[in-house]
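Chain residues, written in single-letter form:
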Amino acid sequence: MSLINRIPNDFYKLFTSKYTEYYMAFLVAIFGAMEQSYSVLGLTEKECRAVMNERIASEAILWDGENYDEEGVFLTRSNMASVCLKHFEDWGWLKQDYDETLNTYVVTFPEYSQMYVELFARLMDEGDGQERESVLAIYSYLYTYSVDSEKNNEILKSALNASKRLVRMLVNMQDGMREYFDELSRQKDFKGIQDVLVREINNSDSRKYAILTTTDSFYRYKEAVKELIVKNLDENEARRRKKELELAALQEGTPESVRCQKAIRLCDEAADIMFRIERQSDVIERRYNKLIEQKTVFAGRAAARIRYIMQEGADGDDRTTSFVSLLNRSGRKVKVLEALGERVRMSAPYQLLSQDSLYRRKSTAKEVFSPQALTKEEAVSTEEMDSFVLKPLYTRKEIEEFRRKNEKEGVFRVTEDTVHSAEDLEKLFFVWQEATERTEGNEEITLGDELENSDGFRFTSLQICENDMDLSK
């Protein structure tokens, strides 16, 4: 019986359901778990429900009052796996069998259902088929045929199918590129163009394009494919002539004659397949060159659209940018702005492009070169240098008052109670600096141990007195 006749009538209900996306994801998950299972009979219903529950936990499903399936069953997070499993069995996507050893029901995929599920898996995996749909795959098939002693034509058929898949992939990439062209031309602001470019960079076609231009080494293997085709055609023609000579020497109707005639037919079939592969290779080359040209055009259009929006402003309901664009093209721009400034208070004239903008139009006016004589630099006067000298923070009166405050019997002594603030510490420094710079031998400066008071200030003990004074007092 044909597979198409074994498909149940309710099989296609999966495609008319509002939960089709979830059904497809569940089937792919069950199929993947079944391939990894050690059981030769299939997965139990309990295992299937567990696999679906894992997918439900990762899917963003909105649970509200509208979650009724096609049979009128209310779906919740707890019963969705059981309801979906029953639908799969009733609609014919899964086949249920009773296992007496396990004493439970097991489910498997019928052959027709398995084909659909494999297609679902490919549709959900954007990276699938990138290695098959390449010039390298065609080269591998042709090389395998050239070294095969049996000269199996099925290898050539696989090479022909790979070339057809590559042509379809290039056609799909061109269609996707045209769609991006249309979407890009509809964008009215820079953010929209950016979103289109990001989607174009991250989509599967761009990754396949990168594989064709880098990993696959398209042009190198393209020439190798042509060389292998010519080589295999010459060898195939030589085998055919040899078999024809052998056939002429054999008696018709004998087993040897039948085998020789079959070998000649296989040589004719191989030659026809290789000619078709050669035509497909020419189509692939033209499609590939067109794709590269289209990619360049796309980049040029994107750059032109960005320049237009940055210069002319975004289209749409924003009349301010349109008004500014008209002003830039008008010969009465200054008069219009002056009249507008009299009625509306403006902090600065509106500019669509400024010094901080992403894009800035180059100035067409060139500065005229005018040589100038060198001027001799004048020496900087001392008066100008005095302006850079730091001024004291305190007046002389304040510093002398601080010194008299801490003097006893004409001797300036620094103790732990001398400094109580940062200002006192700075004044102490100025007293010490003045005493060391201006002393002429009539004062004696003595530095002692390091002190630290209760306020947290650390400083060195200091004593300043005249030479004729008795320090023992």
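Residues numbered from 1 in each chain as written. Predicted model: local features only at pLDDT ≥ 70, side-chain atom pairs only at ≥ 80, totals over all residues. Heavy atoms only, no water.

K.L.:
Looking at this structure, how should I read the confidence of the model for the protein chain?
P.N.:
In low-pLDDT regions, the fine details of the predicted coordinates are not to be read closely. Scored by pLDDT, the protein chain comes out at a mean of 76, with 76% of its residues at no less than 70. Within the protein chain, the element-level pLDDT minimum falls on helix α15 (residues 382–386), averaging 51, and the maximum on helix α5 (residues 80–91), averaging 88. (pLDDT = per-residue confidence, 0-100. Helix = DSSP H or I, 4+ residues; strand = E, 2+ residues; numbered from the N terminus.)

K.L.:
Please clarify how the pairing of strand β3 (residues 104–108) should be interpreted in this entry.
P.N.:
Along any regular strand the residues' side chains alternate between the sheet's two faces. The pairing of strand β1 (residues 43–44) with β3 spans two bridges and is antiparallel. Its bridge partner lying in β3, L43 is registered against V107. As defined by bridge partners, strand β2 (residues 95–99) adjoins β3 across five bridges and the pair is classed as antiparallel. Bridge pairing in β3 places D97 opposite V106. (Pairing = 2+ DSSP bridges.)

K.L.:
I keep staring at a nonpolar patch on the surface and nothing clicks. Help me out?
P.N.:
Where nonpolar side chains cluster on the molecular surface, the patch consists of F429, W432, I445 and L447 and spans about 370 Å² of accessible area. Only α17 (422–438) and β6 (443–452) provide two or more residues apiece to the nonpolar patch. Note on placement: F429 falls in helix α17. For F429, a relative accessible area of 43% corresponds to the partly exposed category. (Patch = residues over 30% accessible without salt bridge, like charges linked within 9 Å, V, L, I, M, F, W, Y side chains within 5 Å. Areas by Shrake-Rupley, 256 points an atom, 1.4 Å probe, with all protein chains shown as cover. Salt bridge = Lys/Arg side-chain N within 4 Å of Asp/Glu carboxyl O. Buried < 20%, exposed > 50% of the residue type's maximum accessible area, 1.4 Å probe, protein only.)

K.L.:
Teacher, can you tell me more about the side chain of S257 here?
P.N.:
Relative to the helices and strands, S257 resides in helix α12 (residues 255–312). Not counting chain neighbours up to four residues away, the residues in contact with S257 comprise L247, L250, Q251 and E252. (Contact = heavy atoms within 4.5 Å.)

K.L.:
Got a minute to help me understand the nonpolar core in this structure?
P.N.:
Soluble, globular proteins show a tendency: their nonpolar side chains are buried together. Counting 37 residues, the largest nonpolar core has I138, L142, L156, L166, L170, I277 and I284 as its most contacted members. Looking at this core, the elements with two or more residues in it are α7 (135–147), α8 (153–185), α9 (190–202), α11 (218–249) and α12. In terms of residues, this core owes the most to one element, α8, which gives 14 residues. Those residues in contact with I138, other than ones at most four positions away along the chain, are A159, A162, S163, L166, V225, I277 and I284. (Core = buried A, V, L, I, M, F, W, Y, C linked by side-chain atoms within 4.5 Å.)

K.L.:
Explain helix α6 (residues 111–124) to me, please; I cannot follow it from the model alone.
P.N.:
In an α-helix, one turn spans 3.6 residues, which is why side chains three or four residues apart end up on the same side. Taking 1.5 Å per residue, 14 residues should reach 20 Å; α6 reaches 20 Å between its end C-alpha atoms and fits that length. Inspection of α6 places Y112, S113, V117 and F120 among the buried residues, and these make up the whole buried set. Burial along α6 is one-sided: seen end-on, the buried residues are contained in an arc of 135 degrees. Where α6 is buried, its residues contact α1 (3–6), α2 (13–16) and α3 (20–36). (Expected span 1.5 Å × (residues − 1). Arc of directions from axis to C-beta.)

K.L.:
What's the story with helix α16 (residues 396–405) in this structure? I'm lost.
P.N.:
Of all the residues in α16, the buried ones are I399, F402 and R403. What you see down the axis of α16 is that its buried residues fit within an arc of 100 degrees, all on one side. Those residues of α16 that are exposed and angled more than 90 degrees off the buried face are K397, R404 and K405.

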